[in-house]
Amino acid sequence: MLARAVALLVIVFAIVGALDFAGLFTAADHSIHSRWYRMGDTMGSSRKSASRVVLVAGDAETFEEFGAPPWDANMLASMVKSISDAEPLLIAEVGHERLFHDVDQLHKIADDDEDKPEKQRRVDRADLSNVMMQDLSNARSPWTAGGLEQGTLDASDNSRIREIVSRAKLDAIGDRVPVHWMVPEGRLPVLPAHLVLSGEIDPHAAFAQRVVLIGVTADEYVHSIDTPLGWRSSTEVEAHALAGIADGVLGWRPNLAMIYGVCLCLAVAMLWVFERVRGSTASMIITFMIVSVLTLDYICLDRGVAVLGAARPLSVLVLVSASYWIAQAVETLSGLGELRTRVLREATGEPAVDEAELDEGFWDDLAELGASYAMEVVGGEATSTIVERPSERWRLEVRASSERLDEDSHAFIEGRENFDLRRAPFRSAWLTMRASWTTNILPRGPRYGARKSLLVPLENEGEMFGLWMIHLSDEIELEREEIETLEELGRQMAGAILRRRERSALREQAGEARLRDHLETIVGGLRLMHDEHRWALELLEQLPVRAIIATVWGEIEFFDPRVRLKLSREYPNLFSDEDDSEKNLRVVIARLTGKSLDEAHGLMRKVVRDGMELELEVENVNPDDPVVWMLSRIRSKRGIDLPGFKPAVHEHILLMARSSAPAKRHETRSGRILKVLGGAFGRK
């Protein structure tokens, strides 16, 4: 378990690291945060603002009244005079587009005022230099240093934002500052410039002890920038960034080591949960953790506490969940393959030898066996040919003929190209699943004599695997009972073909032979993610065994519905209201064997204590469907994690039933023994 968990974590974090290196998480976090800002703009923010930054905007109405930018120094002097009387912290022009000509002309305006003495003019120049940042022309604009990148602006040394922050004595900042958008957008104080110039705004109420930013915002004169609040001017972007700094919202960002540490804790917690819960409970926990990560990211961003980023944790949660369930499905399918191989081997009594050796000479042996069957039933000379129908195809393929059939006749059959199951002479056998006569298979003439062929379907549970062609002389006549005997033998031969296909599919895990069984198994395995109990029942129904599983104390935890139906039919008094036979394995064993409860308990103790596998002595009520009942012990490292089972129980008793019709042994031409099984246990 620990090794698998470590392997899953290594794979998950390797994928996350590769995606992080490609820059996908940075872009994803920026997209998520943009959505949070838009949501805040709609719902309203819970964070309060000190409103220490105010924007004097050159909007469309301002330019209609005072003309297009840039304005001359006289207009600038008039605006600065209106604002500076309120003693603001700082006046600065921001944005990529200029609202005024060179602000150095303010000195010239102060010097040209002849009504004031020289001393006063020097004081005015000093005041203008302090309140209006005239030397910002030498500071680097953020729009010449990359602009708005992933929601941040340049604030390195000699940058305009750093100069403004330094002179206004705001909080310290790094080389790049995140733009913390004021949402709703109306929370950013914006005053039209034409109202300031016309004196319609009280300067003391609007500008006292504030950072006053001046810039162009009219769409006609700016290149708009795509922001979470829509298309905005560069002036508004800088205003939002400086407003956030003034409010102390610096957006603490955890480093990658901290982020990956949290992601690792989440991944370990998820694996711990998955080992203990399943199904809808696990889905609810995954959903809760995803919602919690998104909620925490939104709250921290909205309140300005931190810029966490939800992309990495979310990807870890999704990848851990997906990889865990994929690993579970692969492990289940692998175990199913091993179980199916074991059951088929034990059911047929075959030794554990190389499966490829079992297929050697299969068709020749089957054709020889068919000839032996035919001669035994007919009581005279007979030969046979085996024709197979490949899975889901109509064209028949000649596989082998018995040695008694002359080579020319076999070559004649093998060389024919019209062996289509839907056409004569095979159509009748295909439609009715009964044997039919034909004279169009073998060559006729004085050399060969008059011959005919009986086409016997090789059919198993309604599926045709081919035809058994029995070649006889025209003089031989068969009774209806003899033909029915040959049809029953054909069904047994079809069972041999079916088991060969299953062995081939299990060995190669591919190919066209009997893929339907494996597709059903894969579909069943995928259901494990949704409903393990139902999937387990469907899996058990596909195996040639039926089972009852109980604890070592005899408490039945799983009762195969097929077993209960079969037992209730063959043992009418087995289940009654007077006892708890559906809950206690002792009662079931006692009724099957005719022993007492104490003797049944002794059998269970022998299985648990000695680890033996016992074959119960049970009288079969239905002689046409003989069944062997096996009692054995099963152990699991972590219990059976399915509804109805106690998770803390690691040892169980298995009462298993399988068909045990005696196999008919036939010596083939190659010297091997071919076993043909009968019995119909488990058929609906």
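> What am I meant to see in the overall build of the protein here?
Along the backbone of the protein there are 23 helices and 20 strands. By residue count, 47% of the 684 residues in the protein fall in the buried class. When contacts within the protein are restricted to residue pairs at least 6 apart in sequence, those whose partners lie at least 24 apart make up 66%. On the protein, roughly 34400 Å² of surface is accessible, and the fraction owed to carbon and sulfur atoms is 53%.

> Please clarify how the nonpolar core should be interpreted in this entry.
Across soluble globular proteins, nonpolar side chains show a tendency to be buried alongside one another. If you look at the biggest cluster of nonpolar residues, it comprises 61 residues, and the most contacted ones within it are L153, I161, L213, I245, F274 and V320. Setting aside anything within four residues of it in sequence, one finds F274 in contact with A282, I286, V320, S321, Y324 and W325.

> How should the packing of helix α22 (residues 585-593) against helix α23 (residues 597-610) be read in this particular structure?
Describing two packed helices takes the angle between their axes plus the distance from one axis to the other. α23 packs onto α22 with a crossing angle of 110° between their chain directions and a minimal axis gap of 8 Å. In terms of orientation, α22 and α23 fall into the roughly perpendicular class. Contacts from R586, V587, I589 and A590 in α22 reach L597, A600, H601, L603 and M604 in α23. In the contact of α22 with α23, the residues fall into 7 nonpolar, 1 polar and 1 charged.

> Just checking my understanding: could you explain the sheet that holds strand β12 (residues 451-460) for this structure?
Within a sheet, each strand pairs with its neighbour through backbone hydrogen bonds, oriented either parallel or antiparallel. Strands sit in the order β10-β9-β13-β12-β11 across an open sheet of 5 strands; the sheet is antiparallel. At either margin of the open sheet sits one strand with a lone partner, and together these are β10 (397-401) and β11 (436-438). Pairwise comparison of adjacent strand axes, ignoring direction, gives a mean angle of 25° for this sheet. Sheet analysis places β11 next to β12, joined by 3 bridges and oriented antiparallel. Counterpart to S436 in the pairing with β12 is L455. Contacting β9 (383-388), β10 and β13 (463-473), helix α15 (residues 362-378) crosses the sheet at an angle of about 135° to β9. Helix-sheet contacts for helix α16 (residues 407-414) involve β9, β10, β12 and β13, and the interaxial angle to β10 is about 165°.

> In this structure, what is going on with the confidence of the model for the protein? I would like to understand it.
For residues with low pLDDT, the predicted coordinates do not support detailed interpretation. On average, residues of the protein carry a pLDDT of 75, and 73% of them reach 70 or more. Across residues 349-356, where pLDDT falls below 50, the model places 9 contacts with residues more than four positions away in sequence or in other chains. Under a pLDDT of 50 for its full length, residues 676-684 has, in the predicted model, 30 contacts with residues more than four places off or in other chains.

> In this structure, what is going on with helix α7 (residues 160-167)? I would like to understand it.
Residues lying three or four places apart along an α-helix face the same way, a consequence of the helix completing one turn every 3.6 residues. Taken together, the buried positions of α7 are occupied by R160, I161, I164 and V165. The buried residues of α7 occupy an angular sector of 130° when projected down its axis, which confines them to one face. Positive phi shows up at K169, right after α7, with a value of about 60°.

> What is the right way to read the pattern of salt bridges from this model?
A side chain with one charge may pair with a side chain of the opposite charge, provided their charged atoms come close. Summed over the entire model, instances satisfying the criterion amount to 17 salt bridges. With its nearest N and O atoms 3.4 Å apart, the salt bridge here joins D406 to R451. Taken together, the positions of D406 in the loop between β10 and α16 and R451 in strand β12 put the pair 45 residues apart, joining distant regions of the chain. Among the residues examined, D406 registers a relative accessible area of 29% and is labelled partly exposed. Given the relative accessible area of 14%, R451 is considered buried. Sharing partners across several salt bridges, the network here consists of D20, D29 and R312.

> Would you take a moment to explain the packing of aromatic side chains for this structure?
The description of an aromatic ring pair rests on the distance of the ring centres and on the angle between the ring planes. The full count for this structure, using the stated rule, is 7 aromatic pairs. Geometrically, the ring pair formed by Y373 and W468 is edge-to-face, given 6.3 Å between the ring centres and 65° between the ring planes. Highlighted residues: Y373 in helix α15 and W468 in strand β13, separated in sequence by 95 residues. For the pair shown, Y373 and W468 are each scored as buried. Geometrically, the ring pair formed by F419 and F426 is edge-to-face, given 5.0 Å between the ring centres and 75° between the ring planes. The ring of W394 has R389 lying over it, and the distance from NZ or CZ to the ring centre is 4.8 Å. Residue placement shows K452 over the ring face of W437; its charged tip is 4.4 Å from the ring centre.

> Help me understand the pairing of strand β1 (residues 53-58) in this model?
Regular strands place their side chains on alternate faces of the sheet. Burial within β1 is extensive, with 6 of its 6 residues counted as buried. By the alternation rule, side chains of β1 split into V53, L55 and A57 and V54, V56 and G58, which are all buried. By the bridge criterion, 6 bridges tie β1 to strand β6 (residues 211-216) in an arrangement that is parallel. Along β6, the bridge assignment pairs G58 with V216. Relative to strand β5 (residues 190-192), β1 runs parallel, the two being bridged by 3 bridges. Residue V56 lies in a different strand from β5, and its bridge partner there is L191.

> Sorry, what's going on with the side chain of K452 here?
Looking at the secondary structure, you find K452 in strand β12. According to the relative accessible area criterion, K452 is buried, its value standing at 10%. A polar contact is formed between the side chain of K452 and the backbone oxygen of I476, at a distance of 2.8 Å. Sequence-distant contacts of K452, defined by excluding residues within four places in its chain, comprise W437, T438, T439, I470, H471, L472, S473, D474, I476 and E477.

> Explanation requested: the sheet that holds β5 in the structure shown.
The parallel open sheet is built from 4 strands, whose spatial order is β2-β6-β1-β5. Both edges of this open sheet fall to β2 (90-93) and β5, since each of them pairs with a single strand only. Looking at each pair of strands side by side, their axes are set apart by 25° on average, direction ignored. On top of the sheet, helix α10 (residues 234-246) reaches β1 and β6; it is set at about 170° to β1, its chief contact.

> Whenever I open this one, the side chain of S401 confuses me. Can you help?
On the secondary structure map, S401 appears in strand β10. Of note is the side chain of S401, whose polar atom sits 2.9 Å from the side chain of T385. Excluding residues that lie within four positions of it along the chain, S401 makes contacts with A367, S384, T385 and H410.

> Could you clarify how one ought to interpret unusual backbone geometry in this entry?
Note: most peptide bonds trans; most residues except glycine with negative phi. Looking along the chain, the bond that leaves P69 and enters P70 is cis, with omega of 0°. Across the junction of A424 and P425, the peptide omega takes the value 5°, indicating a cis bond. Notably, E461 is not glycine yet its phi reads approximately 50°, a positive angle. Topologically, E461 is positioned in the loop between β12 and β13.

> Where do I start with a nonpolar patch on the surface in this structure?
A cluster of nonpolar side chains, namely I11, I15, L19 and L24, defines an oily patch on the protein surface of about 330 Å² accessible area. For the nonpolar patch, the element with the most residues is helix α1 (residues 2-21), which contributes 3 residues. Along the chain, L24 falls in helix α2 (residues 24-43). Residue classification places L24 among the partly exposed residues on the basis of a relative accessible area of 47%.

> Before we go on, may I ask you to explain a negative patch on the surface in this structure?
Side chains of E61, E64, E65, E200 and E220 sit close together on the surface and give a patch of like negative charge. Note on placement: E220 falls in the loop between β6 and β7 (225-227). Classification of E220 by relative accessible area gives exposed; the value is 67%.

The rules behind each value
- Residues numbered from 1 in each chain as written.
- Predicted model: local features only at pLDDT ≥ 70, side-chain atom pairs only at ≥ 80, totals over all residues.
- Heavy atoms only, no water.
- Helix = DSSP H or I, 4+ residues; strand = E, 2+ residues; numbered from the N terminus.
- Buried < 20%, exposed > 50% of the residue type's maximum accessible area, 1.4 Å probe, protein only.
- Contact = heavy atoms within 4.5 Å.
- Areas by Shrake-Rupley, 256 points an atom, 1.4 Å probe, with all protein chains shown as cover.
- Core = buried A, V, L, I, M, F, W, Y, C linked by side-chain atoms within 4.5 Å.
- Axes fitted to C-alpha atoms, helices over the stretch in contact; angles between N-to-C directions.
- Parallel < 35°, antiparallel > 145°, perpendicular 65-115°, else oblique.
- Nonpolar A, V, L, I, M, F, W, Y, C, P; charged D, E, K, R; others polar.
- Pairing = 2+ DSSP bridges.
- pLDDT = per-residue confidence, 0-100.
- Arc of directions from axis to C-beta.
- Salt bridge = Lys/Arg side-chain N within 4 Å of Asp/Glu carboxyl O.
- Phe/Tyr/Trp six-rings, centres within 6.5 Å; stacked < 30°, edge-to-face > 60°.
- Lys NZ or Arg CZ within 6 Å of the ring centre and 35° of its normal.
- Polar contact = N/O pair within 3.5 Å; in protein donor to acceptor, adjacent residues only side chain to side chain.
- Patch = residues over 30% accessible without salt bridge, like charges linked within 9 Å, V, L, I, M, F, W, Y side chains within 5 Å.
- Lys, Arg positive; Asp, Glu negative; His and termini not counted.
- Charge placed at Lys NZ, Arg CZ, Asp CG, Glu CD.

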